[in-house]
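Listed here are the chains, written in short residue letters.
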Amino acid sequence: MKRLIFLIVVLFSANTWAATLPQTTYIIALGIAQDGGYPHMGCQKNCCKIAWANPKMQKQVVSLALVDPVNKKWWLFEATPDIKQQLQHFKSQTNNAYPYLPEGVFITHAHIGHYTGLMEFGREVMATKSLKVYVLPKLKAFLEQNGPWSQLVKLNNINIIGLSADQAITVSNNTVTAFTVPHRDEFSETAGFKIITPTKKYLFIPDIDKWSKWNKDIITEVKNVDVAMVDATFYSNTELANRAIAQVPHPLLTETTDLFKNETAAVKRKLYFIHFNHTNPLLWSAKAQQALQNKGFNLAKQDQIFY
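Residues numbered from 1 in each chain as written. Predicted model: local features only at pLDDT ≥ 70, side-chain atom pairs only at ≥ 80, totals over all residues. Heavy atoms only, no water.

A. Region of the structure containing the pairing of strand β10 (residues 190–196). β10 sits mainly inside the fold: 5 of its 7 residues count as buried. Direction of pairing for strand β9 (residues 174–181) relative to β10: antiparallel, over a ladder of 7 bridges. Its bridge partner lying in β10, T175 is registered against I196. In terms of strand pairing, β10 meets strand β11 (residues 201–205) through 4 bridges, oriented antiparallel. Within β11, the position partnered with F193 by the bridge is F204. (Buried < 20%, exposed > 50% of the residue type's maximum accessible area, 1.4 Å probe, protein only. Helix = DSSP H or I, 4+ residues; strand = E, 2+ residues; numbered from the N terminus. Pairing = 2+ DSSP bridges.)

B. Structural view of the sheet that holds strand β8 (residues 168–171). Taken together, 7 strands build an open sheet; the order of strands is β8-β9-β10-β11-β12-β13-β14 and the sheet is mixed. In this open sheet, the two edge strands, each paired with only one partner strand, are β8 and β14 (298–299).

C. Up close: the side chain of Q86. Its location among the elements puts Q86 in helix α3 (residues 83–93). Residues within four places of Q86 in sequence aside, it is in contact with L30, G31, Q60, V61, S63 and T80. (Contact = heavy atoms within 4.5 Å.)

D. Spotlight on the packing of aromatic side chains. Summed over all chains, the structure comprises 14 aromatic pairs. Ring pairs connect the aromatic residues F77, F106, Y134, F193 and F204, which therefore count as one cluster. (Phe/Tyr/Trp six-rings, centres within 6.5 Å; stacked < 30°, edge-to-face > 60°.)

E. The nonpolar core, seen in detail. F77, F106, F193, I205, I218 and M229 are the most contacted members of the largest nonpolar core, which has 58 residues in total. Contacts of M229, omitting those with residues within four sequence positions, involve I27, L64, Y202, L203, F204, I205, Y272, I274 and F306. One finds L21, L76, L118 and L131 within the second-largest nonpolar core, a separate group that totals 30 residues. (Core = buried A, V, L, I, M, F, W, Y, C linked by side-chain atoms within 4.5 Å.)

F. Structural view of the environment of L101. Secondary-structure assignment places L101 in the loop between α3 and β5 (104–106). Spatially, the C-alpha atom of L101 lies 20 Å from that of L143, the residues being 42 residues apart in sequence.

G. The arrangement of the confidence of the model for the protein chain in detail. When pLDDT is averaged along the protein chain, the result is 92, and 91% of the positions lie at 70 or above. The low-confidence segment residues 1–6, where pLDDT is below 50, has 2 contacts with residues more than four positions distant or belonging to other chains. Here residues 12–16 is modelled with pLDDT under 50, and outside its nearest four sequence neighbours on either side it reaches 6 contacts, counting other chains as well. (pLDDT = per-residue confidence, 0-100.)

H. Expanded view of the pattern of salt bridges. Per the stated rule, a full pass over the model turns up 5 salt bridges. Between E144 and K140 there is a salt bridge, with its nearest N and O atoms 2.7 Å apart. A residue pair is termed a helical-turn pair when its members lie 3 or 4 positions apart in one helix, as E144 and K140 do in helix α5 (residues 137–145) at 4 residues. For E144, a relative accessible area of 33% translates into the label partly exposed. (Salt bridge = Lys/Arg side-chain N within 4 Å of Asp/Glu carboxyl O.)

I. Geometry of helix α2 (residues 46–53). Buried within α2 we find C47, C48 and A51. Buried residues of α2, seen end-on, are gathered within an arc of 75° and therefore sit on one face of the element. In α2, the exposed positions angled more than 90 degrees off the buried face are occupied by N46 and A53. (Arc of directions from axis to C-beta.)

J. Representation of α5. Restricting attention to buried positions, one finds in α5 the residues L139, F142 and L143. Down the axis of α5, the buried side of the element spans an arc of 95°, and every buried residue falls inside it. Exposed side of α5, more than 90 degrees from the buried face: P137, K138 and Q145 are the residues found there.

K. Structural context of the side chain of D231. In this fold, D231 is placed in strand β12 (residues 227–231). This buried residue, D231, is left without a salt bridge; R184 holds the nearest opposite charge, at 8.3 Å. Only 3.1 Å separates the side chain of D231 from the backbone nitrogen of I208, close enough to count as a polar contact. Polar side-chain contacts of D231 include one of 2.6 Å to the side chain of T233. In contact with D231, not counting residues within four places along its chain, are I205, P206, D207, I208, H250, P251, F273, I274 and H275. (Lys, Arg positive; Asp, Glu negative; His and termini not counted. Polar contact = N/O pair within 3.5 Å; in protein donor to acceptor, adjacent residues only side chain to side chain.)

L. How the structure looks around the environment of I218. The residue I218 is located in helix α7 (residues 218–223) in this model. Remark: the alpha-carbon pair of I218 and K301, spanning 83 residues in sequence, is separated by 22 Å. When sequence neighbours within four positions are dropped, the list of residues in contact with I218 reads L203, I205, W211, L259 and F260.

Laid out in structure tokens, this is it:
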């Protein structure tokens, strides 16, 4: 008899989180936007005008929380410019059941939306003590050798834990494996993460240049997990009017959906698109959102809980 395994994905409103949180390890999407957030600084286009006028539409920069309700521990993925709001939101919506600071922070790479929130741990703000920060070797060297990040190391605000690509580490009863993906690696390599909890497997790739440049097959990787949160920065190649989109390469949404068009509905359902640029209509267009869902795919939503 075949065993049926169901993945429950729930989107809670802010005032219902604490009462309905799962009792097994889960993941929360604390943010879903590209590095500049939504709305975007300086944007006067219609895409952002509606979000400036309606705070409920605003979205924070991509970040995840891995939450262990049994041991009352949690880990943060990405230290974004919105980290202050994200940590406070996590605290209030989990009914203060966890320490304010995570057990550790996993960071993918040295682009501003993914690591600059580390500054909040310095003596000008929280002055944390030996907060664990998990990074691959080039990012470790970058943080240790360049200010202001090197001051965090010198003052022991953060304790940098070096990761090795494709080697799992254990955090509580979960494993986290960093792997490298091709991206604009000006200051560091770029990581993705595979997160394995006692019940589910997750893939987190917020940034990559193109799937064809990767030394792994994205279809195979998605098939081997339960949820894959992947880069959907741009919906089409016509979104940037002031610069060539080739300067900031990412897989277009259509490129990724085309790759998976012949896969089963079960495989397509595993994909949750994330890291939306402010120009991406998946942030603000119900029509675009419905079209994606009609094809069998999902878009990650802020505050979404996966378990």
